[in-house]
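The lines below spell out each chain.
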Amino acid sequence: TRGKFRIMSSCGNLLTYSVPTPPAPTPSPVATCDKLTVKAISRDTFELTGTASAKNGATITALHYYAFDGNGKTIQAINGGDGKSTSTVKMTLPVGSYQLRAYAITSVGHVTSAACTGSLTVTEEQKPSIDIVKTVNGKEHDTVDVNEEFTYEIKVTNTGNVELKIAAVTDTAPSQVTLIKGNV
């Protein structure tokens, strides 16, 4: 109990005693991971910027960045530099989906927060490609006589991993060949 008390002694004299107010407690050192920003540089390379803060005597040693796969396995870990409260690193990842996390390495331990997390997906590189097969009467090579009808077929197949929106195939027949009928 705090306050001022008066106690009557047995001799009849009034004694006064004040309970001293205890000093304010010293604040505990605190460090936080404040923010993680992810910026795409290319299809598979990303710039990660982390920010941390410290007060009441806590210090920041470094920021570390991690990419985890869907099973929680660490795919990549990068040290963002020593003694800085903000750092930026580049991370290149293979095709897949990832959870990202920044940790502030501090005098009070390794700290992170929901604000220091992110996610991203690296997609397969888009590679357009086609395959062209020409046949005469269903064969790769066939000989035909003059004035003999034959079937000439051009088969075009998309062998890439993207939809082809504008693709043109031109095959000019020799002057001695006359087109009788055709379809696409």
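Worth saying up front: this structure is predicted, and the values here are computed from it rather than measured. (Residues numbered from 1 in each chain as written. Predicted model: local features only at pLDDT ≥ 70, side-chain atom pairs only at ≥ 80, totals over all residues. Heavy atoms only, no water.)

A.B. asks: Could you give an account of the overall build of the protein, naming the residues involved and the relevant values?
C.D. replies: Each helix and strand in the protein was counted, giving 0 helices and 12 strands. For the protein, the succession of helices and strands along the chain, N to C, is β-β-β-β-β-β-β-β-β-β-β-β. When each of the 184 residues of the protein is scored for burial, the buried share is 21%. Once local pairs closer than 6 in sequence are excluded, the contacts in the protein between residues at least 24 apart make up 50%. With the model as given, the accessible surface of the protein reaches about 13400 Å², and the carbon-plus-sulfur share is 51%. (Helix = DSSP H or I, 4+ residues; strand = E, 2+ residues; numbered from the N terminus. Buried < 20%, exposed > 50% of the residue type's maximum accessible area, 1.4 Å probe, protein only. Contact = heavy atoms within 4.5 Å. Areas by Shrake-Rupley, 256 points an atom, 1.4 Å probe, with all protein chains shown as cover.)

A.B. asks: I'd like a description of the side chain of Asp44, backed by residues and values.
C.D. replies: By the secondary structure assignment, Asp44 is in the loop between strand S3 (30–40) and strand S4 (45–55). At 3.3 Å, the side chain of Asp44 forms a polar contact with the side chain of Thr45. For Asp44, the contacting residues outside a window of four places in its chain are Met91, Thr92, Leu93 and Val122. (Polar contact = N/O pair within 3.5 Å; in protein donor to acceptor, adjacent residues only side chain to side chain.)

A.B. asks: So what's going on with the pairing of strand S7 (residues 86–92)? Residues and values would help.
C.D. replies: Of the two faces of S7, the one holding Ser87, Val89 and Met91 is buried and the one holding Thr86, Thr88, Lys90 and Thr92 is not buried anywhere. Relative to S7, S4 runs antiparallel, the two sharing 7 bridges. Opposite Phe46, over in S7, you have Met91 as the bridge partner. (Pairing = 2+ DSSP bridges.)

A.B. asks: Can you lay out the pattern of salt bridges for me, pointing to particular residues and giving the numbers?
C.D. replies: For the coordinates displayed, the defined rule picks out 2 salt bridges. Across the pair Asp44 and Arg43 runs a salt bridge, and its minimum N-O distance is 3.7 Å. Exposure remark for Arg43: the relative accessible area of 33% places this residue in the partly exposed category. The residue Asp171 makes a salt bridge to Lys134 at a minimum N-O spacing of 3.0 Å. Taken together, the residues Asp171 in the segment after strand S12 (152–158) and Lys134 in strand S11 (residues 130–136) connect sequence positions 37 residues apart. (Salt bridge = Lys/Arg side-chain N within 4 Å of Asp/Glu carboxyl O.)

A.B. asks: Any details on the pairing of S4? Residues and values, ideally.
C.D. replies: With 10 bridges joining them, S3 and S4 adopt antiparallel strand pairing. Paired with Lys35 across the strands is Thr51, a residue of S4. The turn linking S3 back onto S4 is made up of 4 residues.

A.B. asks: Outline the packing of aromatic side chains, listing residues and values.
C.D. replies: What the rule picks out here adds up to 2 aromatic pairs. Judged by centre distance (6.0 Å) and plane angle (10 degrees), the ring pair of Tyr66 and Phe68 falls under stacked. A residue is classified by how much of its surface remains accessible, and Tyr66, at 22% relative accessible area, is partly exposed. Assessed through its relative accessible area of 18%, Phe68 is described here as buried. When the centroid spacing of 5.5 Å and the interplanar angle of 85 degrees are considered together, the rings of Tyr66 and Tyr103 count as edge-to-face. (Phe/Tyr/Trp six-rings, centres within 6.5 Å; stacked < 30°, edge-to-face > 60°.)

A.B. asks: An account of the sheet that holds S3 is needed here, citing residue identities and associated values.
C.D. replies: Reading across the sheet, the 3 strands line up as S3-S4-S7 and stay open at both edges, with antiparallel pairing between neighbours. Looking at strand neighbours, the two that pair on one side only are S3 and S7, the edges of this open sheet. This sheet shows a mean twist of 20 degrees between the axes of neighbouring strands, independent of strand direction. (Axes fitted to C-alpha atoms, helices over the stretch in contact; angles between N-to-C directions.)

A.B. asks: I'd like a description of the environment of Thr123, backed by residues and values.
C.D. replies: Note that Thr123 resides in the loop between strand S10 (117–122) and S11. Given the relative accessible area of 46%, Thr123 is considered partly exposed. The spacing of Thr123 and Ser97 is 26 residues in sequence and 8.6 Å in space, taken between C-alpha atoms.

A.B. asks: Can you tell me about unusual backbone geometry, naming the residues and giving the values?
C.D. replies: One non-glycine residue, Asn56, lies in the positive phi region at around 60 degrees. Looking at the element boundaries, Asn56 is found in the loop between S4 and strand S5 (60–68). A positive phi angle, close to 65 degrees, is found at Asn147, a residue other than glycine. On the secondary structure map, Asn147 appears in the loop between S11 and S12.

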